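Residue-level structural notes
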Amino acid sequence: MKVTIFTDGAARGNPDGPGGYGAILRFVDSKGTVHERELSAGYKKTTNNRMELLAAIRGLQALTKPCEVTLYSDSKYLTDAFNQHWIEGWQKKNWVKSDKKPVKNIDLWKALLAAMEPHQVTYVWVKGHDGHPENERCDELATSAADGSHLLDDVELTT
């Protein structure tokens, strides 16, 4: 099955403010019917990058069987990690970057790799705030979650 996932993350007062993520999953069934699902959540303290990663994780975790996934994000942090093969280098160097500093968000990178495991995932960068309708919807989901009253304390990962 082919699935398209659109993601975005937002943080207010980055890095110490609340934040949220938004994800849209879309696929077409064998009858040609388009199915869509929106996911979002807000957190009390976070960063934009953590929310960008969490949007991708939650989108992939929502899939119930192996899929061919195209994941669209306005986060170069996320898309370049795979398209520029940074993630492979980080893993080989035990999660240390070429400047000898540890990679940030190791917990989420590992969770993302685990969520990708059964799928074939292609990452595509889209320019944010450039009128891309799904990116704009994901941004609305993320900011609404960040501004909501039901913020979570911390990211709980299940792999």
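The structure we're discussing is the one just above.
The structure contained in this document is the topic of the report that follows. (Residues numbered from 1 in each chain as written. Predicted model: local features only at pLDDT ≥ 70, side-chain atom pairs only at ≥ 80, totals over all residues. Heavy atoms only, no water.)

Details of the pattern of salt bridges
Note the following rule: Salt bridges are defined as contacts in which a side-chain nitrogen from Lys or Arg sits within 4 Å of a carboxyl oxygen from Asp or Glu. Strands are runs of DSSP state E lasting at least 2 residues, helices are runs of H or I lasting at least 4, and numbering of each runs from the N terminus. When accessible area is computed with a 1.4 Å probe and restricted to protein chains, residues below 20% of their type maximum are described as buried, those above 50% as exposed, and intermediate ones as partly exposed.
Enumeration over the complete set of coordinates arrives at eight salt bridges. Between Glu 36 and Arg 26 there is a salt bridge, with the nearest N and O atoms lying 2.6 Å from each other. Residue Glu 36 is found in strand β3 (residues 34–43), and its partner Arg 26 is found in strand β2 (residues 19–28); the two are separated by 10 residues along the sequence. With relative accessibility at 39%, the residue Glu 36 sits in the partly exposed group. For Arg 26, the salt bridge goes to Glu 134, with nearest N and O atoms at 2.9 Å. Taken together, the positions of Arg 26 in strand β2 and Glu 134 in helix α5 (residues 133–147) put the pair 108 residues apart, joining distant regions of the chain. Overlapping salt bridges bring together Arg 26, Glu 36, Glu 38, Glu 134 and Arg 137 as one network.

Topic: helix α1 (residues 48–61)
The line we're drawing: Each residue after the first adds 1.5 Å to the expected span of a helix.
With 14 residues, α1 extends 20 Å from end C-alpha to end C-alpha; this agrees with the ideal 20 Å at 1.5 Å per step. Buried residues dominate α1, accounting for 11 of its 14 residues.

Side note on the pairing of strand β1 (residues 2–11)
Heads up, the condition is: A pair of strands is treated as paired once DSSP finds two or more bridges between them.
Burial within β1 is extensive, with eight of its 10 residues counted as buried. Relative to strand β4 (residues 68–73), β1 runs parallel, the two sharing six bridges. Within β4, the residue paired with Thr 4 across the bridge is Thr 70.

Regarding the packing of α1 against helix α4 (residues 106–116)
Short version of the rule: To get an axis, a line is fitted to the C-alpha atoms, and for a helix only the part in contact is used. The angle between two axes follows their N-to-C directions and goes from 0 to 180 degrees. An angle counts as roughly parallel when it lies under 35 degrees, as roughly antiparallel when it exceeds 145, as roughly perpendicular when it falls between 65 and 115, and as oblique in every other case. Here is the rule for handedness: rotate from the far helix to the near one, and if that takes an anticlockwise turn smaller than a right angle the crossing is left-handed, while a clockwise turn gives right-handed. Contacts between residues were defined by any pair of non-hydrogen atoms, one from each residue, lying within 4.5 Å. Residue classes follow a fixed rule: Ala, Val, Leu, Ile, Met, Phe, Trp, Tyr, Cys and Pro count as nonpolar, while Asp, Glu, Lys and Arg count as charged, and any other residue, Gly among them, counts as polar.
One way to put it is that α1 packs onto α4 with a least axis distance of 9 Å and a crossing angle of 20 degrees. As summarised for this structure, α1 and α4 are arranged roughly parallel, according to the angle between their axes. Remark: the crossing between α1 and α4 carries left-handed chirality. Only Asp 107, Leu 108, Trp 109, Ala 111, Leu 112, Ala 115 and Met 116 of α4 make contact with α1, whose side of the interface consists of Arg 50, Leu 53, Leu 54, Ala 56, Ile 57, Leu 60 and Gln 61. By residue class, the composition of the contact of α1 with α4 is 11 nonpolar, one polar and two charged.

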